[in-house]
Amino acid sequence: MKTAVIGGGIAGLAAAYELARTGRPFVLYEASPRLGGIIQTIRRDGFIVECGPDSWVTEKPWAQTLVRELGLEEELISSNDHIRRTYIARHRQLIPIPDGMRMMVPGDLEALRHSPLFTQDAQLAYTRELERAAELKVSALPEGSDESVADFVRRHFGDEVTATLAAPLLAGVFGGSIQDLSVRAILPAFVKMEREYGSLVLALQQQKRSSGPAPVFTTLRSGLQTLTDSMAATLPASSIRLNTSVTALARNGAIWRVFTPLESESFDAVVLATPADVTRSLLAPLDPAFDSLLAMDASSAIVIALAFLPTDAETIQIPRGFGFLVPPANGPLVHEPQLLACTFVEQKFPHRAPPGAVLLRAFFGGDDAPRLLGRSDEELLALAHMQLSQYLGHLPEPSFTVVRRWPRSLPQYAVGHLTKMNLLASRLRSLPGLRLIGNAYHGVGLPDLIRQGREAVC
Ligand SMILES: Cc1cc2nc3c(=O)[nH]c(=O)nc-3n(C[C@H](O)[C@H](O)[C@H](O)COP(=O)(O)OP(=O)(O)OC[C@H]3O[C@@H](n4cnc5c(N)ncnc54)[C@H](O)[C@@H]3O)c2cc1C
């Protein structure tokens, strides 16, 4: 049984790795000159700069398992959770999110009382949510139905928490609007908590009693590209086709034909690990239903890293913590494109910068992305430098910078996403031998994609 894996990001690499590990024949097609997709690490002057993802969520085990299999356990490092703190930017000030929050849900209502982040009304809404536990359990989101993240959070905590905390938290991760994102697809753990406890505050209090603290994020000491490079190193060179875009697919009975600009080849199975837009254009000619099933919004991300050597960093005042989020601006898009978030990289993880140095990663995107993607690196750097200075005070010139644009890289799981995924799965049953993996379907995070990739070829 010979398999074509199309797309060499983490999802496609995981499928190819599993095929190689179990000694089965395959060809991995990758359009670009390198494997790893959005995962890319730059190592320079003692800094480790991630151009895409910087870590994974520790509680999902599939990335760790793979790292251990590859013999990289010495590389595993955790986030510096003793200084885990994220700030919300407001009126050019950085206000800490109170300790013990899981996203917008407090584990400790007392910790909110002294926080300038919330008005008394919002604090009251939190207390009332706990008191309304029984009522919220009765009115919990019915099985099989969906609503937006904004509606869900508003039902529990009201407008202020929705705008102050939920909107920037979700925009920071998905680059999207919480008015559109599906709570069932994006926050399944909260939907489950509501069903079991009614109140999310109550659910978190109960969970805290039963589980100890664990580091939130895990990464690799030398950067995430070490993972994708190590996976690639396990693949037979003869199975890898770089700089090779797949342009069309055809099926004749049980045999699949994969077309590239120069040739075509036959396979028994095809794993499509391409971004949703590409998957859609490859599948729609085989079955027009895929045109609508794979049509989805995707937001673009722009990552701008600024590295400051110790001599320059002396003058920079960075608060202790992992970084800050900027709540989305309200109203029509007349404002200057706005920073979404910034990570204080050398504080979030150890070994990311020389001692005394500072490494900032600024993120733009969301609704502003179409106006930003066409700007030059110099324009984007000037914008990032100016907006970061508004929150962090004077910033000297960085010793070097990195700018990366990731157009349409984060698919938006809109309300009804899971129903659409069920329809997609049933349609795929009419095309035996075909599997779809990648961040458009069942999770955008690295552990989920590794799991999907490996399971697709089991
Ligand atoms: C800025 C940013 C930060 C993120 N941070 C995190 C994080 O910290 N933690 C986390 O868990 N997740 C994070 N994510 C999400 C995660 O990085 C992505 O969901 C994941 O890397 C996507 O992997 P993939 O394999 O699905 O797609 P991709 O990495 O996009 O790979 C798809 C591959 O297909 C190739 N391709 C396209 N068309 C063709 C074709 N016709 N023929 C052959 N090949 C083709 C592309 O060149 C590409 O290499 C982040 C995402 C972004 C954009």
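Just so we're clear, the structure is a prediction, and the values are computed from it rather than from any experiment. (Residues numbered from 1 in each chain as written. Predicted model: local features only at pLDDT ≥ 70, side-chain atom pairs only at ≥ 80, totals over all residues. Heavy atoms only, no water.)

Q: I'd like a description of the sheet that holds strand 14 (residues 255-259), backed by residues and values.
A: The sheet built from three strands is open, its strands ordered 13-14-15 with antiparallel pairing. Either end of the sheet is taken by a strand with one partner, and the two such strands are strand 13 (248-252) and strand 15 (264-267). Neighbour-to-neighbour, the strand axes of the sheet open up by a mean angle of 25°, direction not taken into account. Here strand 14 pairs with strand 15 via four bridges, running antiparallel. Each residue of the ladder has a partner; that of Phe259, found in strand 15, is Ser264. (Pairing = 2+ DSSP bridges. Helix = DSSP H or I, 4+ residues; strand = E, 2+ residues; numbered from the N terminus. Axes fitted to C-alpha atoms, helices over the stretch in contact; angles between N-to-C directions.)

Q: Summarise the domain arrangement of the chain; cite the residues concerned and give the values.
A: Domain parsing of the chain yields domain 1 (3-37 + 224-296 + 414-456), domain 2 (99-210) and domain 3 (297-411). Using only C-alpha atoms to locate each centre, domain 1 and domain 2 end up separated by 35 Å. Counting from both sides, the interface comprises six residues of domain 1 and, opposite them, nine residues of domain 2. For the domain 1 and domain 2 pair, buried surface summed over both sides reaches about 500 Å², with 74% attributable to carbon and sulfur atoms. Our count for the contact surface shared by domain 1 and domain 2 stands at zero salt bridges. For the pair domain 1 and domain 2, the interface holds two residue pairs in polar contact (both at pLDDT 80 or more). Class assignment of the residues belonging to the side of domain 1 that touches domain 2 gives a composition of four nonpolar, two polar and no charged. (Domains from an automatic or database assignment. Contact = heavy atoms within 4.5 Å. Buried area = accessible area lost by both parts, 1.4 Å probe. Salt bridge = Lys/Arg side-chain N within 4 Å of Asp/Glu carboxyl O. Polar contact = N/O pair within 3.5 Å; in protein donor to acceptor, adjacent residues only side chain to side chain. Nonpolar A, V, L, I, M, F, W, Y, C, P; charged D, E, K, R; others polar.)

Q: Let's hear about the pattern of salt bridges: which residues, and what values?
A: Inspection of the entire model under this criterion finds 28 salt bridges. Between Arg241 and Glu265 there is a salt bridge whose closest N-O contact spans 3.5 Å. Here Arg241, found in strand 12 (residues 240-241), pairs with Glu265, found in strand 15; they are 24 residues apart in sequence, far enough to count as distant. With a relative accessible area of 22%, Arg241 lands in the partly exposed category. (Buried < 20%, exposed > 50% of the residue type's maximum accessible area, 1.4 Å probe, protein only.)

Q: Before we move on, could you go through the packing of aromatic side chains and cite the residues and values that matter?
A: The way to describe two aromatic rings as a pair is by their centre distance and the angle between their planes. Tallied over the full model, the rule gives six aromatic pairs. Taken together, a centroid distance of 4.8 Å and an interplanar angle of 50° make the contact between Tyr126 and Phe157 tilted. Placement of Tyr126 in helix 4 (residues 120-131) and of Phe157 in helix 6 (residues 149-174) is noted, with a sequence separation of 31 residues between them. For the pair formed by Tyr126 and Phe157, the shared burial category is buried. Centroid distance Phe324 to Tyr391: 5.2 Å. Interplanar angle 55°. Geometry classified as tilted. Residue Phe324 is located in strand 18 (residues 323-325), and its partner Tyr391 is located in helix 16 (residues 377-392); the two are separated by 67 residues in the primary sequence. (Phe/Tyr/Trp six-rings, centres within 6.5 Å; stacked < 30°, edge-to-face > 60°.)

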